[in-house]
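Observations on chain architecture
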There are 2 protein chains.
Amino acid sequence: MEKTISTAVIRRLPRYYRYLESLLDSGINRISSKALAKRMNLTASQIRQDLNNFGCFGQQGYGYNVELLYNEIRKILGLDKTYNMIIVGAGNIGQALLNYINYQKRGYNFVGVFDKNPKLIGLNIRGIEISDIDTLDDFLKKTKVDIAVLTLPGNNAEEIIETIIENGVKGIWNFSHMSINPPDDVVIENVHLTDSLMTLTYKLTD
Amino acid sequence: MEKTISTAVIRRLPRYYRYLESLLDSGINRISSKALAKRMNLTASQIRQDLNNFGCFGQQGYGYNVELLYNEIRKILGLDKTYNMIIVGAGNIGQALLNYINYQKRGYNFVGVFDKNPKLIGLNIRGIEISDIDTLDDFLKKTKVDIAVLTLPGNNAEEIIETIIENGVKGIWNFSHMSINPPDDVVIENVHLTDSLMTLTYKLTD
């Protein structure tokens, strides 16, 4: 992949993917950039520019072949592979994500859920038993994990993040309040729910 | 409020708020921009610039008064007020948010939860009964709601969004896949979880 594609374009790719998927589900095989633009609240020229970035060119008078484009974006997003995932923090958000992502059926395999709360350890959520956080290091030494989902409360997860990174996990989906400074070969995607809600109230006040 | 403050600064405000809150909880009454910078992975000059935007100036040789700064940012974020909220879509994510936000104790009051699933309607989650989505319009006509949290699956929520906006709800926290084009006086904050996860796998593949 070229490294020069802008973050804004990359952020739009999952939306293209979702829209193309719903088109396929509806049996629609081709679509013009204009029609796609209307569905996605973008302009037709923005769509053409975005997709040209990835070598996807619509044909004059025909538009885009939905399935080809879908498969191409699927590949670009890395969704043609499978990912082993763990959840660290089995509270409300952790449990909801486990249920939610399992429904997505996109190649994300949950292989472990960890918590330090004795009331949760041993419970079974959707076929996965919640393990003691103290066993995380051992687990990671034995099992290849691609993505760790951090859904721990508070700011005190530094040691856990170290354990995760030291054991070669390359992707972190961070819902915790930790600001993580990862090594260059580790990628982080932050979802700060309370910050998002505070931003909303800020805009309401404005 | 001035409208000229950049989105990036506004996005950092909740983090300042959270850090200052944890300082207060630890009994720390003053902090230098340098120390705050270190905690937040920013530079001291960035911190001074950010806070100057809001008329918060640290004192030479003293730094910032934590409580004053905390209260100021609290006001800027609109967290000195209370907000009536509803959740539309009582699935995994909706229920998790209800539990999660309730713990935050920041003036967010849940006044209603709605779903169309007969298996969920009538159930009680943390003191709130899940209501039939068909009663949403009536409910909004009787109850002032500031923020609607959309946690519906799929793309077919247009009618519900119309109902919400027509009844004067000014804030939408959107977890659904809907791309919403709101009127000027309605603010939207999007959290697209699957898109975030796909962005992570994209970066892992890159």
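As a reminder, the structure under discussion sits directly above these lines.
Structure report, in brief. The shown structure was predicted, so the numbers you read here are calculated from the model rather than taken from an experiment.

**Observations concerning helix α7 (residues 158-166) of chain A**
All names here are of chain A. Regarding α7, the residues found buried are Ile160, Ile161, Thr163, Ile164 and Ile165. Close packing links the buried residues of α7 with β3 (83-88), α6 (136-142), β7 (147-150) and β8 (171-174). In the stretch just after α7, glycine 168 is the one whose phi turns positive, near 85°.

**A closer look at the pairing of strand β3 (residues 83-88) of chain B**
Residue and element names in this part refer to chain B. In terms of residue burial, β3 counts as a mostly covered element, since five of its six residues are buried. Taken together, the six bridges between β3 and strand β4 (residues 108-115) define a ladder with parallel strand orientation. The partner of methionine 85 across the bridge, within β4, is phenylalanine 110. When β3 meets strand β7 (residues 147-150), the two strands line up parallel, connected through four bridges. Residue pairing across strands places isoleucine 86 opposite alanine 148, the latter belonging to β7.

**Structural notes on the interface of chain B and chain A**
Between chain B and chain A, the residue contacts involve 60 residues of the former and 59 residues of the latter. Here chain B meets chain A over a buried area of about 5,600 Å², counting both sides, of which 62% is carbon and sulfur. Summed over the shared surface of chain B and chain A, the number is 20 residue pairs in polar contact (both at pLDDT 80 or more). Breaking the side of chain B that touches chain A down by element, the ones donating at least two residues are α1 (7-25), β3, α5 (92-104), β8 (171-174), β9 (187-190) and α8 (193-205) of chain B. Top contributing element to the side of chain B that touches chain A by residue count: α8 of chain B, with 13 residues. Looking at the side of chain B that touches chain A, its residues break down into 31 nonpolar, 16 polar and 13 charged.

**Considerations on the relation of the copies chain B and chain A**
Between the two copies of the chain lies a rotation about an axis combined with a shift along it. The transform that puts chain B on chain A rotates by 180° and translates by 0.0 Å along the axis, for an RMSD of 0.0 Å. Read as a symmetry element, the transformation amounts to a two-fold axis. Closest approach to the rotation axis among the C-alpha atoms of chain B is made by alanine 96 of chain B, whose C-alpha sits 3.1 Å away.

**Looking at the sheet that holds β3 of chain B**
The seven strands lie next to each other as β5-β6-β4-β3-β7-β8-β9 (chain B), forming an open sheet whose pairing is mixed. Only two strands of the sheet have a single partner each, and these edge strands are β5 (124-125) and β9 of chain B. With respect to the sheet, helix α8 (residues 193-205) of chain A is in contact with β3, β4, β7, β8 and β9 of chain B, its orientation differing from that of β9 of chain B by roughly 170°. In this fold helix α7 (residues 158-166) of chain B packs onto β3, β7 and β8 of chain B, with an angle of close to 170° to the strand it touches most, β7 of chain B.

**Some points on the sheet that holds strand β9 (residues 187-190) of chain A**
Strand order in the open sheet formed by seven strands is β5-β6-β4-β3-β7-β8-β9 (chain A), and the pairing between neighbours is mixed. Each edge of the open sheet carries a strand with a single partner, namely β5 (124-125) and β9 of chain A. The pairing of strand β4 (residues 108-115) of chain A with strand β6 (residues 128-132) of chain A spans three bridges and is classified as parallel. Bridging from a neighbouring strand, valine 113 of chain A pairs with isoleucine 130 of chain A of β6 of chain A. Contacting β3, β4, β7, β8 and β9 of chain A, α8 of chain B crosses the sheet at an angle of about 170° to β9 of chain A.

**Concerning a negative patch on the surface**
Negative charge collects at one region of the surface, where Glu158, Glu159, Glu162 and Glu166 of chain A lie side by side. Here glutamate 159 of chain A shows up in helix α7.

**With respect to the side chain of asparagine 174 of chain A**
All names here are of chain A. If you trace the backbone, asparagine 174 turns up in strand β8. Of the polar contacts made by the side chain of asparagine 174, one reaches the side chain of serine 176; its length is 2.7 Å. Engagement of the side chain of asparagine 174 in a polar contact is seen with the backbone oxygen of methionine 178, the distance being 3.0 Å.

Conventions adopted
Residues numbered from 1 in each chain as written. Chains lettered and ligands numbered in written order. Predicted model: local features only at pLDDT ≥ 70, side-chain atom pairs only at ≥ 80, totals over all residues. Heavy atoms only, no water. Buried < 20%, exposed > 50% of the residue type's maximum accessible area, 1.4 Å probe, protein only. Helix = DSSP H or I, 4+ residues; strand = E, 2+ residues; numbered from the N terminus. Contact = heavy atoms within 4.5 Å. Pairing = 2+ DSSP bridges. Buried area = accessible area lost by both parts, 1.4 Å probe. Polar contact = N/O pair within 3.5 Å; in protein donor to acceptor, adjacent residues only side chain to side chain. Nonpolar A, V, L, I, M, F, W, Y, C, P; charged D, E, K, R; others polar. Least-squares fit on C-alpha atoms with pLDDT ≥ 70 in both. Axes fitted to C-alpha atoms, helices over the stretch in contact; angles between N-to-C directions. Patch = residues over 30% accessible without salt bridge, like charges linked within 9 Å, V, L, I, M, F, W, Y side chains within 5 Å. Areas by Shrake-Rupley, 256 points an atom, 1.4 Å probe, with all protein chains shown as cover. Salt bridge = Lys/Arg side-chain N within 4 Å of Asp/Glu carboxyl O. Lys, Arg positive; Asp, Glu negative; His and termini not counted. Charge placed at Lys NZ, Arg CZ, Asp CG, Glu CD.

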